[in-house]
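# What the coordinates show
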Amino acid sequence: MKLDWLEDFIVLSEEGSFSRTARRRNVAQPALSRRIRALESWAGTELFDRQRHPVSLTEQGRLFQPFAEDAMRSIRQGRNKLQSNKQDDKILKFSSTHTISILFFPDWFRSIHAELGGTGISLQANHLEHCVKELENGSCHFMLCYSDGTELLGFDERSFECKCVGRDELIPVSMVDSLRQPKYTLPGKSTDPNPLLEYSPASALGRMVEALLTRKREHPRVQKQSESPAADNLLALASQGLGIAWISGLRLKGIDGDEYPDLARAGDRSWNVPLEIRIYKSNGPLPKTAANFWNMI
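A brief look at the structure comes next. (Residues numbered from 1 in each chain as written. Predicted model: local features only at pLDDT ≥ 70, side-chain atom pairs only at ≥ 80, totals over all residues. Heavy atoms only, no water.)

## Topic: helix α6 (residues 105-113)
Those residues of α6 not exposed but buried are Phe105, Trp108, Phe109 and Ile112. The arc enclosing the buried residues of α6, seen along the axis, measures out at 90 degrees, which places them on a common side. Every exposed residue of α6 that faces more than 90 degrees away from the buried side is listed here: Arg110 and Ser111. (Buried < 20%, exposed > 50% of the residue type's maximum accessible area, 1.4 Å probe, protein only. Helix = DSSP H or I, 4+ residues; strand = E, 2+ residues; numbered from the N terminus. Arc of directions from axis to C-beta.)

Right under this line is the structure:
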C-alpha cells in the first residue's frame, strides 16, 4: 500500500474522470490507471465501475471511501502535530499562486508587517495544485489563491479554514484599433466569433471564465484561438491583436490610463469575473507564531 494510491482514489471518486484526476494529481493518465489497479489488487476487489460515465465507485468502493479519507486526514493531522511541536523559529511559511505572489502579497504583507514584531517569512510561488499539496502535507502554514466562491478551484475548500484578505477581478481585454477602440468586443457576432485566448484546461481561472461564458450563453460568439497556463502569455497575445483574454485587474491597474496604451476593455463590467483573494490554513494545529498571525489577520 502506498499513500499516493489513497490520494488517487479520493480524487478520482470526486472527479469521476481519469483525465481530470491525472491533471490534479500531476501524473500521466496511464500511470494513474496502474496505481488505481494496484490499489484494487491490494484491496482484493474492484473499487471503480469504469463502464459508467462518469466513472463511479462500486458498492465496495463506497464502503472503502470513508476509511481512505479518514486515513489521509489522520496522517496529515499527525504530520501537522509534529510540525507544531518543533521549536517556533519565527518564520511564517506561505505558498501562493504566481499572480498573487507578485502583485498582491508584497503590499499586503507590508501593510501588516509592523504588527508581527520582526517575524520572518518564506514565500513559495507555484501552480494551485502544488500550493494545495504543500498546505495538505504541512510544508507551509498558509496558502493564498483566488476564489470566485464556487467549486471551480479543483479542491475541497471545506477542508481548510479561510479568510478573505483582498479582492480582484478578471477583465476581458483586447488590442485597440486605429480609432483607439477595442479591436474585439463582447458578446460579438455568431457569424464572426471573437477569437478567445484561453487559460489551459487545468487552470482554475480558465474554469471561471468558462463558467462566465456558459452563464451568458455566448459560446457560439467566441472561438478558441490559443491557450496558455500563464497570464503574461495571454496578455502578450492580446496586445498583439490575436484575441480577447481575461486578465487580473491587479495586473491591469493602468488599463484605463497609460500603462497599457494598446489595450482596452473588451466588454462592460458584466463580463468581469469577481474574485476574492483568500488565505487558507490547514485544520491541523499551527506553531505559536503562525497561530498568532492567523488570529491577528
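## Some details on the layout of surface pockets
Taken as a whole, the largest pocket encloses approximately 840 Å³ of empty space. Residue lining of the largest pocket: 31 residues in total, with Arg76, Val132, Glu136, Ser159 and Phe160 positioned closest to the centre. If you list the elements that add at least two residues to the lining of the largest pocket, you get α1 (3-15), α2 (18-25), α4 (59-84) and α7 (128-136). No other element matches the 7 residues that α4 contributes to the lining of the largest pocket. (1 Å grid on protein atoms, 1.4 Å probe; cavity = no way out; pocket = protein on both sides within 12 Å on 5 of 7 lines; lining within 4 Å. Points joined across faces, edges and corners; volume = space filled by probe spheres on them.)

## As for the packing of aromatic side chains
Evaluation of the coordinates by the stated rule reveals 14 aromatic pairs. Look at Phe104 and Trp108: their rings are 5.9 Å apart centre to centre, the planes differ by 20 degrees, and that puts the pair in the stacked class. According to the relative accessible area criterion, Trp108 is buried, its value standing at 10%. Joined through ring pairs, the aromatic side chains of Phe94, Phe104, Phe105, Trp108, Phe109, Phe142, Phe293 and Trp294 make up one cluster. One cation-aromatic arrangement involves Lys216 over Trp271; the distance from NZ or CZ to the ring centre is 4.4 Å. (Phe/Tyr/Trp six-rings, centres within 6.5 Å; stacked < 30°, edge-to-face > 60°. Lys NZ or Arg CZ within 6 Å of the ring centre and 35° of its normal.)

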